[in-house]
Amino acid sequence: MEFPQILSDVKRRPGAYGLDGGYREFVAFINGANAAHQGRLLQGFSSFLAGKLGEGENLYWSLLVAKISMAPHLVSSPDDVLGSNEGVAIECLFREILEFLEQRWPLL
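Residues numbered from 1 in each chain as written. Predicted model: local features only at pLDDT ≥ 70, side-chain atom pairs only at ≥ 80, totals over all residues. Heavy atoms only, no water.

*Asks:* What is the right way to read helix 3 (residues 45-53) from this model?
*Replies:* Turning to helix 3, its buried residues number three or more, namely Phe 45, Ser 46, Phe 48, Leu 49 and Ala 50. Of the residues flanking the end of helix 3, it is Gly 54, one or two places downstream, whose phi is positive at about 80°. (Buried < 20%, exposed > 50% of the residue type's maximum accessible area, 1.4 Å probe, protein only. Helix = DSSP H or I, 4+ residues; strand = E, 2+ residues; numbered from the N terminus.)

Okay, here's the thing in structure tokens:
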């Protein structure tokens, strides 16, 4: 199974992958997958996200996803999306990473 399809399955059935379905756990899972690909999986992801925001290319991708998901509200940490905003951030995370991977996957 290709990684974009795995991500879709992880979102649909997080428990099957040992996850609780929270934003932090999805971020950790994606970081693990990136490590398994020697950092190539997410190479350029922060720039991709920063381009949508018009700022923040030097920021960590999980913070950029949080900022996109909560716009126009200010977000200073990925933890700002926990609680009632977590579902919105999770939807944004999967939408953004799948869009990014769709453009890059054949190249990896």
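Picking up where we left off.
*Asks:* Just checking my understanding: could you explain the pattern of salt bridges for this structure?
*Replies:* When the charged atoms of two side chains lie near each other, side chains of opposite charge can form a pair. On inspection of all chains with the given rule, the structure shows 7 salt bridges. A salt bridge links Arg 12 to Asp 9, with the shortest nitrogen-to-oxygen separation between them at 2.7 Å. You can see Arg 12 and its partner Asp 9 sitting in helix 1 (residues 3-12), 3 residues apart, about one turn around the helix. Linking Arg 24 and Asp 79 is a salt bridge whose minimum nitrogen-to-oxygen distance equals 2.9 Å. Of this pair, Arg 24 sits in helix 2 (residues 23-36) while Asp 79 sits in the loop between helix 4 (61-70) and helix 5 (86-104), and the two are 55 residues apart along the sequence. (Salt bridge = Lys/Arg side-chain N within 4 Å of Asp/Glu carboxyl O.)

*Asks:* I'm lost on the environment of Phe 3 in this one. Help?
*Replies:* By the secondary structure assignment, Phe 3 is in helix 1. Classification of Phe 3 by relative accessible area gives buried; the value is 7%. A C-alpha to C-alpha distance of 8.7 Å links Phe 3 and Ala 33, two positions 30 residues apart in sequence.

These values are about where atoms sit, not about what they do.
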